[in-house]
Amino acid sequence: MRFRAIIAGMTMAIAWLCGAPAMAAPTQCTTKIDGQSVTIFYDDEEPTYSSFRERFFSRRNTCPGAVVITYLMPDLTAEERLVFCANYDPDTQSHSQPAQGRRDAFGRCAEPSHTCSLVNTTKQEALALVGIGEQAEQGSLSDRLSSTVSAVTHSSGAMVLSGNTASLSSLLSSAGTAIGTALGTPAVLAGAAASVVVIGGAVYLCSDAG
C-alpha cells in the first residue's frame, strides 16, 4: 500500500510539472514591460513554462517567458509563437518587444536578438512573401541575392527571410509589398542585418530598430 501511495504521489508530481489540463486554472502573474509593472491574467492550460528549471527557480507570481510572449503577441497560437523569444534586460529586470530567435530555459532570448514589430500588410502580401521565401529556399533567386538573403521554414510553420538589410530591402521593395517600404526606412537600413517573419497572415519585421 505504501508503494502504491508513493507511485500515486509521483504521478501527481509529474502531472503538475507538465501542466496537465486537469490542473489548469485562471491565474495571474507580474512582470515589467518597457520598465513598467504589468499584471498578466492567463489560463495555465496553455504551455506556460519553457523548462522544469524555469518552473522551479522562478520567483512566485513572476511571469514565465512564454506568458510574456503570449501577452505581447495574443493573435498567434502557442505553436506560431515558438519562432519568437522574450527580450529581457537583467539589469532592469524588464521585458521589451518580442524578438526572433532561440529561447533559453526561461523562454527569454538565448542570444542578442533583433526586436520584432508587426507590419500592416494584407494576406495577399503575406502570401507573396512566402513565395519569395520559397524561391530563396530553392535557390532560384539571383546569385547576388542568394549570398546575402536566406530563407528557412521554421517548425512552427513560419517563413523566415533574413540577411543583409540592404539586400532584403531591395528584394522586397521590388515585390511591391508594405514590408519593403518598412525595410527601407533609415532606422532599419542603419542596421547590418534584419529578418522578416511570415506566420499565418501576419508579417513581422525584426531588426535593431524594432
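Here we summarise the structure given alongside this text. (Residues numbered from 1 in each chain as written. Predicted model: local features only at pLDDT ≥ 70, side-chain atom pairs only at ≥ 80, totals over all residues. Heavy atoms only, no water.)

## Quick look at the overall build of the protein
Helix and strand content of the protein: eight helices and nine strands. Each of the 210 residues in the protein was classed as buried or not, and the buried ones make up 38%. Within the protein, contacts between residues at least 6 apart in sequence are counted, and of these 51% link residues at least 24 apart. Accessible surface, the protein: about 11700 Å² in total, of which carbon and sulfur atoms supply 55%. (Helix = DSSP H or I, 4+ residues; strand = E, 2+ residues; numbered from the N terminus. Buried < 20%, exposed > 50% of the residue type's maximum accessible area, 1.4 Å probe, protein only. Contact = heavy atoms within 4.5 Å. Areas by Shrake-Rupley, 256 points an atom, 1.4 Å probe, with all protein chains shown as cover.)

## Let's talk about the pairing of strand β2 (residues 36-43)
Of the pairings in the sheet, the one linking strand β1 (residues 26-33) to β2 comprises eight bridges and is antiparallel in character. What sits directly across from Ile33, in β2, is Gln36. With antiparallel pairing between neighbouring strands as the criterion, β1 and β2 make up a hairpin whose turn holds two residues, including Asp34 at a positive phi of roughly 55 degrees. (Pairing = 2+ DSSP bridges.)

## Here we look at the side chain of His95
If you trace the backbone, His95 turns up in strand β4 (residues 94-100). The class of His95 is buried, set by a relative accessible area of 3%. One polar contact links His95 to Thr31, side chain to side chain, over a distance of 3.1 Å. Setting aside anything within four residues of it in sequence, one finds His95 in contact with Thr31, Lys32, Ile33, Asp34, Val68, Ala86, Asn87, Tyr88 and Arg108. (Polar contact = N/O pair within 3.5 Å; in protein donor to acceptor, adjacent residues only side chain to side chain.)

## As for the side chain of Arg81
Here Arg81 shows up in the loop between α3 (65-72) and β3 (84-89). Within the structure, the side chain of Arg81 is placed 3.1 Å from the backbone oxygen of Met73, a separation counted as a polar contact. A distance of 2.3 Å separates a polar side-chain atom of Arg81 from the backbone oxygen of Leu76.

## Re unusual backbone geometry
Positive phi values are uncommon outside glycine, yet Asp34 reaches one of about 55 degrees. Considering the arrangement of structural elements, one finds Asp34 in the loop between β1 and β2. Phi is positive for Gln93, close to 55 degrees, though the residue is something other than glycine. As for its position among the elements, Gln93 is in the loop between β3 and β4. Given the relative accessible area of 43%, Gln93 is considered partly exposed.

## Looking at the state of the cysteines
Counted according to the given criterion, the structure contains three disulfides. Sulfur-sulfur distance for the disulfide between Cys85 and Cys109 comes to 2.1 Å. With the S-S bond torsion at 85 degrees, the cross-link from Cys85 to Cys109 turns out right-handed. Of the two residues, Cys85 sits in strand β3 while Cys109 sits in the loop between β4 and β5 (115-119), which places them 24 residues apart along the sequence. (Disulfide = S-S within 2.5 Å.)

## Things to note about the environment of Arg103
Relative to the elements of secondary structure, Arg103 occurs in the loop between β4 and β5. Put simply, Arg103 and Asn87 are 16 residues apart on the chain and 9.7 Å apart in space, counted from C-alpha to C-alpha. What Arg103 contacts, discounting residues up to four positions off in sequence, is Ala66, Ile69, Arg81, Leu82, Phe84, Cys85, Arg108 and Ala110. Of note is the side chain of Arg103, whose polar atom sits 2.7 Å from the backbone oxygen of Arg81.

## A closer look at helix α4 (residues 123-138)
With 16 residues, α4 ought to run about 22 Å at 1.5 Å a step, and its terminal C-alpha atoms sit 23 Å apart, in line with that. Those residues of α4 that sit buried are Glu125, Ala126, Leu129, Ile132, Gly133 and Ala136. Each buried residue of α4 lies within a common arc of 115 degrees when the element is viewed along its axis, so the set occupies one face. Opposite the packed face of α4, turned more than 90 degrees from it, sit the exposed residues Lys123, Gln124, Leu127 and Gln138. (Expected span 1.5 Å × (residues − 1). Arc of directions from axis to C-beta.)

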